[in-house]
Amino acid sequence: PSRFKILAGQNYNNVVSGRVGVNAIRVHNSYYNALYGNDIAIMKLSTPVKLNKYTQPIKLPTSKSDTVPVGTKCYVSGWGSTGSYNPSNLRHAAITTVSNSLCAQKLSKYRPRVGAYNICAGGQSRKNACFGDSGGPFVCSNGSGYVLRGLVSWGNNPCGVVGVPSVYTRVSYF
C-alpha cells in the first residue's frame, strides 16, 4: 500500500501538493477481476485529507435500495485516456444512466454480463470513462448535493463509442 497515493483538491496530476499516502487497502474478498463483479476496495489513508473549498467529502448512498433511476444525468471524472493521450488535467463528463439490460445487450461480447452490482451510463456521445479512469468517481445529484453512486469499472474497447455505455460499480450494492 505504501507505493499508492491519493490526490485530493488538485486539478493536475503532476503536482506534489495534495498527495496523501495509503496505509492499507482492503479489496472485496470475492473480487477476481472487473468483469466478474465485486470491483470495489477501500483504502485507509496515512493522514487525514485536509478539507477546504476544493476538497470536501462526498455523500454516500443511504441504503442498498438507494438506486439511480434510468435517464439520470450524472458525472464521471478522471485522468484517463481521451482517445489519443492521457491528460495531466482532471477531466469530467456529464453522462446519462441507462438500464442494465440495455447495457448488457450493448456489451454482450464481454462475459459475464452486467449485474445488479453495476450501474451503466453513457453512450449518448463520445464522452465516457476510459482507460486510466478506473476506480474514479461517478456522482449524481440528489437535489441537495452530490452522492457517490458508482466507481469506474469497465467498458468497451475502444472507449467512447456512441451507443455503447460504460459500466460502474454500484456503491449502494455494497
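These numbers come from a predicted model, not from an experiment.

A. Highlighting the pairing of strand β6 (residues 118-121). Alternating residues of β6 divide into N118 and C120 and I119 and A121, and every residue in both groups is buried. For strand β5 (residues 91-98) and β6, the ladder comprises 2 bridges, and the chain directions are antiparallel. Bridge pairing in β6 links T97 to A121. Bridge count between β6 and strand β9 (residues 166-170): 4 bridges; the pairing is antiparallel. In the sheet register, N118 faces β9, and the bridge partner there is T169.

B. Summary view of the sheet that holds strand β3 (residues 41-45). Strand order in the open sheet made by the 3 strands is β1-β2-β3, with antiparallel pairing throughout. Of all strands in the sheet, those bounded by a partner on one side alone are β1 (5-7) and β3. Between one strand axis and the next, the sheet turns through 50 degrees on average, direction left out of account. The pairing of β1 with strand β2 (residues 19-27) spans 3 bridges and is antiparallel. In the strand pairing of β2, I6 is matched with V20.

C. A look at the packing of aromatic side chains. Inspection of every chain in the model, using the stated rule, returns 6 aromatic pairs. Between Y75 and Y146, the aromatic rings sit 6.0 Å apart at their centres with planes inclined by 75 degrees, giving edge-to-face as the arrangement. Of this pair, Y75 sits in strand β4 (residues 73-78) while Y146 sits in strand β8 (residues 146-154); the two residues are 71 residues apart in sequence, bridging distant segments of the chain. A relative accessible area of 25% places Y75 in the partly exposed class. Put simply, the rings of Y117, Y173 and F174 pair up and form one aromatic cluster. Across from the ring centre of Y173, 4.5 Å away, lies the NZ or CZ of K64, which sits over that ring.

D. Spotlight on the pattern of salt bridges. With the rule as written, the count across this model stands at 1 salt bridge. One salt bridge connects R149 with D66, and the closest N-O pair in it is separated by 2.8 Å. You can see R149 sitting in strand β8 and its partner D66 sitting in the loop between β3 and β4, a full 83 residues away along the chain. One exposure class covers both R149 and D66, and it is buried.

What counts, and where the lines are drawn
Residues numbered from 1 in each chain as written. Predicted model: local features only at pLDDT ≥ 70, side-chain atom pairs only at ≥ 80, totals over all residues. Heavy atoms only, no water. Buried < 20%, exposed > 50% of the residue type's maximum accessible area, 1.4 Å probe, protein only. Helix = DSSP H or I, 4+ residues; strand = E, 2+ residues; numbered from the N terminus. Pairing = 2+ DSSP bridges. Axes fitted to C-alpha atoms, helices over the stretch in contact; angles between N-to-C directions. Phe/Tyr/Trp six-rings, centres within 6.5 Å; stacked < 30°, edge-to-face > 60°. Lys NZ or Arg CZ within 6 Å of the ring centre and 35° of its normal. Salt bridge = Lys/Arg side-chain N within 4 Å of Asp/Glu carboxyl O.

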